[in-house]
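Residues per chain are reported as follows:
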Amino acid sequence: MNMISPDAAANSKRAWLKILARYKKPDRRRSAIELAITLIPFATLWAMSAAAYAYGHWWGLILILPAAGFLVRIFMIQHDCGHGSFFANRYADDWIGRALGVLTLTPYDCWRRAHATHHASAGNLDERGMGDILTLTVAEYRRLSWRGRLGYRLYRHPLVMFGLGPIWLFIFSQRLPVGMMRGGLTPWVSSMTTNLAITLASALLIWAVGPGAFLVVHLPIVVLAGSAGIWLFYVQHQFEETQWAKDDDWEFQHAALHGSSYYDLPPVLNWFTGNIGVHHVHHLSAKVPGYRLQEVLRDYPELRGIGRVTLLDSLRCVKLALWDENRRKLVSFGEARASA
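Nothing here was measured: the structure is a model prediction, and the numbers come from that model.

## Some points on the environment of L100
Part 1 of the argument: Secondary-structure assignment places L100 in helix α5 (residues 90–104).
Part 2 of the argument: Distance from L100 to Q78, taken between C-alpha atoms, is 6.1 Å for residues 22 residues apart in sequence.

Written out as C-alpha cells, the structure is:
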C-alpha cells in the first residue's frame, strides 16, 4: 500500500469541497446512455443464460458472470440516484432508483437513508452503527464474553462476510426495514412496495422461463453481485491506512479523504463498478456523478497517492478486523493478541 507522500499530505489541506463543486453537474444525455448500456446488456445476458439452461447448453451459463457484473453496475447507478447525482433531478433520480431497487433487491428509500448516515459519520468512532460494516476497537473486543468474541470473529470471517453475508443481506434482511422499524412510514412503504414489485417481477420471469431456469440463472447472479458489492464496500473503508477518530477530533474533509480508499482497479473493473473505487473523492463530494470521478483524478493527480489500494493490496485487507486506538490503525486478531 502506498504511503501518503508529502505533496499529497499538503494537498489534503486544500478546500476540496469548493474544488469539486465544478464536477457536480451531470450530463443528462450521458446519464441516459449509461443507464441504457447497463440495463440492455444485463437483460440480454440474463435471457441468453436462461435460453442456455432451457436448451441444455450448460456452458452458456458462463454468461452469469458478466450478468453479475452488470448487476453491480446497476447498483452503482442506483447509488448515484440515492445521492441525487445521476440526473440531478430529485424526482427522476428517486423513481429510477426505486425501479432499479427491484433488480438489486434493495429498498431504495431505506438504503438511501442508511447510506446518508454512513456518509455523515464515516470514520467517526462515536457514530458507528448504521450503513457500516461493524468494526470494534481492540478494547471493546477484549471486554466481550467468549460468546461475543466468537460471534464477532465469525462475522468477520471471509466466508461469512463475503459469502453468507450477502445472501442474508440481499435475499432476507432487506425484506424488512432492519434498523428503521421505528423510523416512520417511509421505511415500511419502501420495503413492502419493493418486496411486492420483486414478487411480481419474479412471478413473471418464472412464468416466462420456468422455475428451474429462474433459480439457476437469477440466484447466482444476485449472490455473485452481492458478494462483489460487499467486497467493494469493505475495501473502501477497511484498509491499512484508513483513519478513524473520536467525535471531538473528527473532521469531515479529513475523514473523507483519509478514511476512504482509492481502490486502483483496472479500467474494465472501474467501468463495471461505476468508478466507486475512487471512494475518497466520492466521500468528499457525493454529488459528483460516478462517471466523472475519473475526471477528478485526471485533473488532480495528487489524489492518486492518498489511500491507494491495489488489487493485490486489497487481498491483505481481509485480515484487518479491529481498530487499535493506541496505534491508530486497523489490526488483525493476531496483532491485537500480540499487543495484549
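Having seen the model, we can carry on.
## Side note on the confidence of the model for the protein chain
Part 1 of the argument: With 96% of its residues at a pLDDT of at least 70, the protein chain reaches an overall mean of 94.
Part 2 of the argument: Every residue in residues 1–6 is under pLDDT 50, and counting partners more than four places away or in other chains gives 13 contacts.

## Overview of empty space enclosed by the protein
Sizing a probe to match a water molecule and rolling it over the atoms shows the empty space that remains.
Part 1 of the argument: Per the stated rule, a full pass over the model turns up two cavities of 30 Å³ or more.
Part 2 of the argument: Of the pockets and cavities examined, the largest cavity occupies roughly 130 Å³.
Part 3 of the argument: Around the largest cavity, the lining comprises 16 residues; the ones closest to its centre are H118, D132, H237, Q238 and W244.
Part 4 of the argument: When contributions to the lining of the largest cavity are tallied by element, the ones reaching two or more residues are α6 (108–121) and α11 (211–237).

## Thoughts on the nonpolar core
Part 1 of the argument: With 52 residues, the main nonpolar core has I221 and Y234 as its most contacted residues.
Part 2 of the argument: Elements with a contribution of two residues or more to this core: α3 (28–54), α4 (64–82), α5, α9 (158–172) and α11.
Part 3 of the argument: The element contributing the most residues to this core is α11, with 11 residues.
Part 4 of the argument: In this structure, I221 is in contact with F42, W46, I64, A67, A68 and L71, ignoring residues within four places of it in sequence.
Part 5 of the argument: Listed in part, the 17 residues of the second largest apolar core include L20, Y23, L284 and L297.

## Regarding the layout of surface pockets
Part 1 of the argument: For the largest pocket, the calculated volume is near 1,300 Å³.
Part 2 of the argument: In terms of lining residues, the largest pocket is bounded by 45 residues, among which G131, D132, L169, Q174 and I230 are the most central.
Part 3 of the argument: Partitioned by chemical class, the residues of the lining of the largest pocket number 29 nonpolar, 15 polar and one charged.
Part 4 of the argument: When contributions to the lining of the second largest pocket are tallied by element, the ones reaching two or more residues are α3, α5, α10 (185–209) and α11.

Definitions and limits used
- Residues numbered from 1 in each chain as written.
- Predicted model: local features only at pLDDT ≥ 70, side-chain atom pairs only at ≥ 80, totals over all residues.
- Heavy atoms only, no water.
- Helix = DSSP H or I, 4+ residues; strand = E, 2+ residues; numbered from the N terminus.
- pLDDT = per-residue confidence, 0-100.
- Contact = heavy atoms within 4.5 Å.
- 1 Å grid on protein atoms, 1.4 Å probe; cavity = no way out; pocket = protein on both sides within 12 Å on 5 of 7 lines; lining within 4 Å.
- Points joined across faces, edges and corners; volume = space filled by probe spheres on them.
- Core = buried A, V, L, I, M, F, W, Y, C linked by side-chain atoms within 4.5 Å.
- Buried < 20%, exposed > 50% of the residue type's maximum accessible area, 1.4 Å probe, protein only.
- Nonpolar A, V, L, I, M, F, W, Y, C, P; charged D, E, K, R; others polar.

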